[in-house]
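What follows is each chain in one-letter form.
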Amino acid sequence: MKYHGIWAGEELREQDKADMRRWAQTVPTWDRNLWVYPRDISLNGSKSRDELMAGYQEAAEAAGFTVRDMRAEVTELVKALPPEKQQNGQLVLDIWDWEMKNEGQISVKDMGAYLIGGKEGGLITDFSARPDEGSGQILGTEAEFERDFAVPMINPRESAILYMPVEHRTYSDQADDDNDDALVEAPQIDIWAMWAKEGTQGQKIMQAAAASMIDRYVRMAETGVHEGTVDLAQGPDQGRFVPSRVDPQSALGKKANPDDPSWSLLPGELAGHSLYDGLARIDGRPVDQYGVTVMKVPEEKWPLRTWETGMSGPRDRTLPALNITKSHEASWKKNRELANPVAQFAGLGLGPGSTHRSRSATPPPRRASPASSNSSHRRR
C-alpha cells in the first residue's frame, strides 16, 4: 500500500521530519512518498530550489521516503482528471505558483492531494497528522482499507451547511457539476487524512474533486475579468492562469490577501466544496421533483465515506479508526485565530446542527468565491 505526505513551502520543520520517521516505523512495508512543491526564491522564498530539494532529499532518506516533485510530475498527475475535465499541466502550475506567491501553500497541498489520490490512490495525510505516540501501529482493520474512499467526519452529531439555500434546480448536471447554489446538510468533513483505494471509485472521487478545484480557480478568474476586477496576462482560453491585476475585493483578491477577514476560511471552503463535488459526482444522481438529475450525496452514503474523529487535547483531533492524531493545527495561518464559521449564516438562522431546509424563492446573486461553511471548521 502507499502512504503520501505532501509539503508545499520552504524548509521542512523538525516536527515534520520527526513525524516522517514515525510514519516509517508505523508502515514499514508501505511505499512511502514525500511529495514536495518548493517555495524557492522565484516564489518569494528565501532559498534556491536546489537548496530546498537537497534538504527534502536528506530528510526523506533518513525516513525511508521517496521524494516526488509535484512540478516535475504535473503532466502525469493531470492525466488522472476525468476525460471531459482534462487540463494541461501548465495551467495547474500557474495556479500553484500564484498561490505560493500569495501565502496559499495550503491550497497547493489540497489540490495536490486530490491529484495524487486520483493518480495513485493510498493514504494521504497532512504533515500535522501522525500515528499516536506509544502505539507504533495503525489500528485500521482490513475492513477500513477495503473501503474505496474515506475522510474524517469532524463532528458526527452535527451537520454543516455546504451551500447557500437557493433554488434547488440550479444544482444539477446542467450546472456543470457546480453545487454552489444548493442547500445541503452534510457531516463536517475534513481532508487531513484521506484514503482512496487503488483501482476503485475512491480514485474517481479524488479525480473529480481535483477537477472541481481547478474549475473553481478558472471561474474565479473569468468572473473577475467579467466584473472588471481582474486582468489576465494569460488566461484559461490560452491554457494559462497568469493574473496581471487582481482587485483586493475580488474573489481572487480575497484568496490572496492574508489581511482580509475571510482569508483564513477560504482555503478550507475551496477544498471542502471541491471534495463534495467529487463525492456527489460519484455517489449522488437522484432526480428531484422537477425531473432534474441532482448531484447530492445521499445520507446513507456518509457512513461509508467518513471516519469519526474526536478531540484529545486543545488543538488535537484523533482518528480512532486508524489511530492517527492531528496536531500543530493552523500552523500555516501564522497564529491567526480562526474566524467564526457560522457568522455568515446568522441572518438565515442556519449553521452547523441546523435542520432548516427551506429554499429561497429569490436566489441571491451567484458568487465567484468558493464560499461554503463546510470545512471552515478546519484548523489546519
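Please refer to the structure placed before this passage.
Residues numbered from 1 in each chain as written. Predicted model: local features only at pLDDT ≥ 70, side-chain atom pairs only at ≥ 80, totals over all residues. Heavy atoms only, no water.

**Q** I tried to follow the pattern of salt bridges on my own but got confused; where do I start?
**A** Opposite charge on two side chains permits them to pair, given that their charged atoms come into close proximity. A complete count under the given rule lists 27 salt bridges for this structure. Across the pair Asp-110 and Lys-109 runs a salt bridge whose closest N-O atoms are separated by 2.8 Å. Take Asp-110 and Lys-109: they sit in the same class, and that class is buried. As a salt-bridge pair, Arg-147 and Glu-144 come within 3.1 Å of each other at their nearest N and O atoms. Assigned by exposure class, Arg-147 and Glu-144 land together as buried. Salt bridges linked by common partners bring Lys-2, Arg-68, Glu-73, Lys-119 and Glu-120 together as one network. (Salt bridge = Lys/Arg side-chain N within 4 Å of Asp/Glu carboxyl O. Buried < 20%, exposed > 50% of the residue type's maximum accessible area, 1.4 Å probe, protein only.)

**Q** Got a minute to help me understand the sheet that holds strand β9 (residues 193-196) in this structure?
**A** Each strand in a sheet pairs with another by means of backbone hydrogen bonds, the pair being arranged parallel or else antiparallel. Spatial ordering of the open sheet is given by β3-β2-β1-β4-β9-β6-β12, a layout of 7 strands whose pairing is mixed. One side of each edge strand has no neighbouring strand; the edge strands of this open sheet are β3 (66-69) and β12 (306-308). Sheet twist, expressed as the mean angle between neighbouring strand axes with direction ignored, is 25 degrees. Against the sheet, helix α5 (residues 105-120) contacts β1 (2-9), β2 (31-38), β3, β4 (122-125) and β9, and its axis sits at roughly 155 degrees relative to β1. (Pairing = 2+ DSSP bridges. Helix = DSSP H or I, 4+ residues; strand = E, 2+ residues; numbered from the N terminus. Axes fitted to C-alpha atoms, helices over the stretch in contact; angles between N-to-C directions. Contact = heavy atoms within 4.5 Å.)

**Q** Before we go on, may I ask you to explain α5 in this structure?
**A** Every α-helix carries 3.6 residues per turn, so stepping three or four residues along brings you back to the same face. In this model, α5 (16 residues) spans 22 Å end to end at C-alpha, consistent with the 22 Å of a helix rising 1.5 Å per residue. Across the 16 residues that make up α5, a large majority, 15, are buried. Backbone geometry just after α5 places Gly-121 at a positive phi near 70 degrees. (Expected span 1.5 Å × (residues − 1).)

**Q** What exactly am I supposed to notice about the nonpolar core here?
**A** A general trend in soluble globular proteins is that nonpolar side chains are found buried together. Within the largest apolar cluster, 55 residues are counted, with the highest numbers of intra-cluster contacts made by Tyr-37, Trp-96, Met-111, Tyr-114, Tyr-217 and Leu-275. For this core, the leading source of residues is helix α7 (residues 201-227), giving 10 residues. In contact with Leu-275, not counting residues within four places along its chain, are Tyr-114, Phe-149, Val-151, Ile-189, Ile-191, Ile-205 and Ala-209. The next biggest cluster of nonpolar side chains, apart from the first, holds 30 residues, and it includes Trp-23, Val-27, Ala-60 and Phe-145. (Core = buried A, V, L, I, M, F, W, Y, C linked by side-chain atoms within 4.5 Å.)

**Q** Would you mind going over unusual backbone geometry with me for this structure?
**A** Most peptide bonds adopt trans geometry, and most residues besides glycine take a negative phi value. For Asn-44, which is not a glycine, the phi torsion comes out positive at approximately 75 degrees. Note that Asn-44 resides in the loop between β2 and α2 (49-63). The exposure class assigned to Asn-44 is exposed, which follows from its relative accessible area of 54%. For Asn-323, which is not glycine, the phi torsion reads 60 degrees and is therefore positive. With respect to the helices and strands, Asn-323 occurs in the loop between β14 (316-319) and β15 (324-326).

**Q** Just checking my understanding: could you explain the packing of aromatic side chains for this structure?
**A** Aromatic ring pairs are defined here through the distance separating the ring centres and the angle between the ring planes. Within this structure, the stated rule accounts for 9 aromatic pairs. Between Tyr-3 and Trp-23, the aromatic rings sit 4.3 Å apart at their centres with planes inclined by 20 degrees, giving stacked as the arrangement. In this pair, Tyr-3 sits in strand β1 while Trp-23 sits in helix α1 (residues 14-26), placing the two residues 20 residues apart along the sequence. The pair Tyr-3 / Trp-23 is uniform in exposure class, with both members buried. Between Phe-145 and Trp-195, the ring centres sit 4.9 Å apart and the planes meet at 75 degrees, which makes this aromatic pair edge-to-face. Note that Phe-145 is positioned in helix α6 (residues 142-146) and Trp-195 in strand β9, a separation of 50 residues in sequence. The exposure class of Phe-145 is buried, given its relative accessible area of 10%. Looking at Trp-195, the relative accessible area reads 3%, which means it is buried. (Phe/Tyr/Trp six-rings, centres within 6.5 Å; stacked < 30°, edge-to-face > 60°.)

**Q** Looking at this structure, I do not really get the sheet that holds β14. What am I missing?
**A** Sheet architecture is open: 4 strands sit in the order β5-β15-β14-β13, paired in antiparallel fashion. This sheet does not close on itself; its edge strands, each paired only once, are β5 (129-131) and β13 (310-313). Each adjacent strand pair in this sheet contributes to an overall mean axis angle of 35 degrees, direction not counted. As paired elements, β13 and β14 share 3 bridges and run antiparallel to each other. Opposite Gly-313, over in β14, you have Asp-316 as the bridge partner. In the packing of α1 onto the sheet, the strands contacted are β5 and β15, and the crossing angle to β5 comes to about 45 degrees.

**Q** Explain the side chain of Lys-326 here, please?
**A** Position of Lys-326 among the secondary structure elements: in strand β15. We classify Lys-326 as buried; its relative accessible area is 0%. Reaching out from Lys-326, the side chain makes a polar contact with the side chain of Ser-128 at a distance of 2.9 Å. (Polar contact = N/O pair within 3.5 Å; in protein donor to acceptor, adjacent residues only side chain to side chain.)

**Q** Teacher, can you tell me more about the packing of α5 against α7 here?
**A** A pair of packed helices is captured by two measures, namely the crossing angle of their axes and the spacing between those axes. The N-to-C vectors of α5 and α7 enclose an angle of 145 degrees; their axes lie 7 Å apart at closest approach. As α5 runs across α7, the sense of the crossing is left-handed. On α7, the residues that touch Ser-107, Asp-110, Met-111, Ala-113, Tyr-114, Leu-115, Gly-117, Gly-118, Lys-119 and Glu-120 of α5 are Gln-203, Met-206, Gln-207, Ala-209, Ala-210, Met-213, Ile-214 and Tyr-217. Of the residues belonging to the contact of α5 with α7, the class tally is 10 nonpolar, 5 polar and 3 charged. (Left-handed = near helix turned anticlockwise from the far one by under 90°. Nonpolar A, V, L, I, M, F, W, Y, C, P; charged D, E, K, R; others polar.)

**Q** What am I meant to see in the environment of Gly-121 here?
**A** Tracing the chain through its elements places Gly-121 in the loop between α5 and β4. For the pair Gly-121 and Lys-2, spaced 119 residues apart in sequence, the C-alpha to C-alpha distance is 7.3 Å. Beyond its immediate chain neighbours, meaning those up to four positions away, Gly-121 contacts Lys-2, His-4, Ile-116, Ala-196 and Gln-203.

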